[in-house]
Amino acid sequence: MLSDMPNVIVRPDGWLPDKAVTPETAFVNRRRFVQQLGLAGVGWAASRWPASAAEADPYAKGYPFPRSKDFNPAGALTDEKVASTYNNFYEFTLRKDVHRHVSKFQTTPWKIEIGGLVERPMTVDALDWVSSMPLEERVYRFRCVEAWAMVVPWTGFPFSKVADLVKPKAEAKFVRFITASKPEQMPGIGDNPEYPWPYFEGLRIDEAMHPLTWMATGVYGKPLAKQFGAPLRLVVPWKYGYKSPKSIVKIEFVAEQPKTFWETLQAREYPFESNVDPGVPHPRWSQATERMIDTGDRVKTKKYNGYGEAVGRLYGA
Ligand SMILES: Nc1nc2c(c(=O)[nH]1)N[C@H]1C(S)=C(S)[C@@H](COP(=O)(O)O)O[C@H]1N2
Ligand SMILES: [Mo]
């Protein structure tokens, strides 16, 4: 599949650089896209949230959770249908229609192993965290390295709560995240054997412990739909989207800077730190602006995705 598309292996997203889409074609495509959604809208809503399935969803307990006043910016949220049908989750497909490929994905039961350089290693069930953690909703901006963006209400809890549970040792300087690899449930794995599955990521420990670093259990007032990384994914809003791993199964506190999935594939294009920065172009496209996935509006990219006041101190600012 990839043999005639050498570009694909070095790019986290889609098939075309955003830059290659002119504003006009983007507009036409968007109109067609929205029309299709309109026609399919009722079916989409019904297939995603049949009343019985929603009631049977063990992760749905307590939803919706209150929105934090500190993370509720003025301005519209990204349209839920668009955000739920335009995803990156290469374990299912390299295209954006992940929601069409997730039907076999089983997210209960779901064990998460936490270990490495910690006083109290443990294995938890994702369901326990949903009922024992102090869940709230936060609206974050989210910026993919491919220059598209969205504004999304994530339900979840700060990653620092995980550290409180397992008590990292002083030697722990980084955190490593490993995600699910279930080829029989995730068709993208078998279709793309040249990728170094499972998807894995990492943060410095001070980045991981920062109060903005979020363990998301839900989005749009409901448990995470599978395409968003059910049952639990990370959200690091000041970094490019690939630093926010989905469907986490293992968290490891380590001494050395860990390799990441995208760094393994193309270190020059996807370095470990990967903070959003309009002044540092990707080697193959500009990062100066971004396209809002629902309206198609092109807006200026902000350094640290607008979170510089909160995170600048991590980088000597
Ligand atoms: N396990 C896993 N996590 C992943 C990815 C992936 O392919 N697999 N893609 C990343 C990329 S490139 C982006 S932009 C975001 C997309 O998140 P969203 O689909 O919720 O918008 O997920 C990130 N987390
Ligand atoms: Mo991305």
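These numbers were taken from a predicted model, which means no experiment stands behind them.

Visitor: What is the right way to read the pairing of strand E2 (residues 122-125) from this model?
Guide: Each regular strand shows side chains that alternate between the opposite faces of the sheet. With 4 bridges connecting them, strand E1 (residues 111-116) and E2 associate as antiparallel partners. Bridged to Glu 113 within E2 is Thr 123. As consecutive antiparallel partners, E1 and E2 are separated by 5 residues.

Visitor: Any chance you could explain the pattern of salt bridges here in plain terms?
Guide: Between side chains of opposite charge, a pair can form when the charged atoms approach closely. Tallying each qualifying case throughout the model produces 13 salt bridges. Two residues, Asp 125 and Lys 111, come together in a salt bridge whose shortest N-O distance is 3.5 Å. Taken as a pair, Asp 125 in strand E2 and Lys 111 in strand E1 lie far apart in primary sequence, 14 residues in all. With a relative accessible area of 12%, Asp 125 lands in the buried category.

Visitor: Mind showing me how you'd approach the site of ligand 1 here?
Guide: Taken together, 20 residues sit near ligand 1, with Asn 87, Tyr 90, Glu 91, Ser 244 and Lys 246 positioned nearest. One of the backbone nitrogen or oxygen atoms of Tyr 90 is found 2.8 Å away from an oxygen atom of ligand 1. Within the contact set of ligand 1, a nitrogen atom lies 2.8 Å away from a side-chain nitrogen or oxygen of Glu 91. Protein chains bury 99% of the 540 Å² of accessible surface belonging to ligand 1 in isolation. Residues belonging to the shell around ligand 1 are distributed by class as follows: 11 nonpolar, 5 polar and 4 charged.

Visitor: When you look at the nonpolar core in this model, what are you seeing that I'm missing?
Guide: One recurring pattern in soluble globular proteins is that nonpolar side chains are buried together. Among the nonpolar cores identified, the biggest contains 84 residues, and Ile 112, Ile 114, Trp 129, Trp 154, Phe 159, Ile 251 and Phe 253 are the most heavily contacted of them. At 5 residues, strand E4 (residues 148-158) tops the list of elements feeding residues into this core. Apart from residues no more than four positions distant in its own chain, Ile 251 is found in contact with Ile 112, Glu 113, Ile 114, Gly 115, Trp 129, Phe 159, Val 162, Val 175, Arg 176, Phe 177 and Met 215.

Analysis parameters
Residues numbered from 1 in each chain as written. Chains lettered and ligands numbered in written order. Predicted model: local features only at pLDDT ≥ 70, side-chain atom pairs only at ≥ 80, totals over all residues. Heavy atoms only, no water. Pairing = 2+ DSSP bridges. Helix = DSSP H or I, 4+ residues; strand = E, 2+ residues; numbered from the N terminus. Salt bridge = Lys/Arg side-chain N within 4 Å of Asp/Glu carboxyl O. Buried < 20%, exposed > 50% of the residue type's maximum accessible area, 1.4 Å probe, protein only. Near = heavy atom within 4 Å. Polar contact = N/O pair within 3.5 Å; in protein donor to acceptor, adjacent residues only side chain to side chain. Areas by Shrake-Rupley, 256 points an atom, 1.4 Å probe, with all protein chains shown as cover. Nonpolar A, V, L, I, M, F, W, Y, C, P; charged D, E, K, R; others polar. Core = buried A, V, L, I, M, F, W, Y, C linked by side-chain atoms within 4.5 Å. Contact = heavy atoms within 4.5 Å.

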